[in-house]
Amino acid sequence: MIIEVICAIVNTLLSILPKSPFHFTPINWGPLGDVVGVIMPVRDMVVHTTALTGCVLLYLAGRYLLRLIKMVG
């Protein structure tokens, strides 16, 4: 009885979640791109890598600017 109630609660909670956190869609890069697009979410990876690289470059630029201000002041 108690186990069935716990299973029902867990199943209800799990039904809210998506089946996959990634969007696996084929890429229009020919037959190899279709296979790679199904295996790995390349577009999402490129977007996240670009955002991460931009944040790191912004941090380094700010750090360099603050060093220049410290040298002048």
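Residues numbered from 1 in each chain as written. Predicted model: local features only at pLDDT ≥ 70, side-chain atom pairs only at ≥ 80, totals over all residues. Heavy atoms only, no water.

As for the overall build of the chain
Looking only at helices and strands, the chain has 3 helices and 0 strands in total. Helices and strands appear in the chain in the N-to-C order α-α-α. Scored against the burial criterion, the 73 residues of the chain give a buried share of 7%. Approximately 6800 Å² of the chain is accessible, and the part contributed by carbon and sulfur atoms is 76%. (Helix = DSSP H or I, 4+ residues; strand = E, 2+ residues; numbered from the N terminus. Buried < 20%, exposed > 50% of the residue type's maximum accessible area, 1.4 Å probe, protein only. Areas by Shrake-Rupley, 256 points an atom, 1.4 Å probe, with all protein chains shown as cover.)

Comments concerning a nonpolar patch on the surface
Taken together, the side chains of Met1, Ile2, Val5, Ile6, Ile9, Val10, Leu13, Leu14, Ile16 and Leu17 present a nonpolar region at the surface, about 1100 Å² in accessible area. For Ile16, the location among the structural elements is in helix α1 (residues 2-16). Taking relative accessible area as the criterion, Ile16 reaches 66% and is therefore assigned exposed. (Patch = residues over 30% accessible without salt bridge, like charges linked within 9 Å, V, L, I, M, F, W, Y side chains within 5 Å. Salt bridge = Lys/Arg side-chain N within 4 Å of Asp/Glu carboxyl O.)

Digging into α1
Along its 15 residues, α1 runs 22 Å from first to last C-alpha, staying within 8% of the 21 Å computed at 1.5 Å per residue. For α1, a buried count of 0 out of 15 residues is recorded, marking the element as mostly open to its surroundings. (Expected span 1.5 Å × (residues − 1).)

Structural notes on the confidence of the model for the chain
Per-residue confidence for the chain gives a mean pLDDT of 82; residues scoring 70 or more make up 75%. The secondary-structure element of the chain with the lowest mean pLDDT is helix α2 (residues 30-39), recorded at 68, while helix α3 (residues 42-72) shows the highest, at 91. (pLDDT = per-residue confidence, 0-100.)

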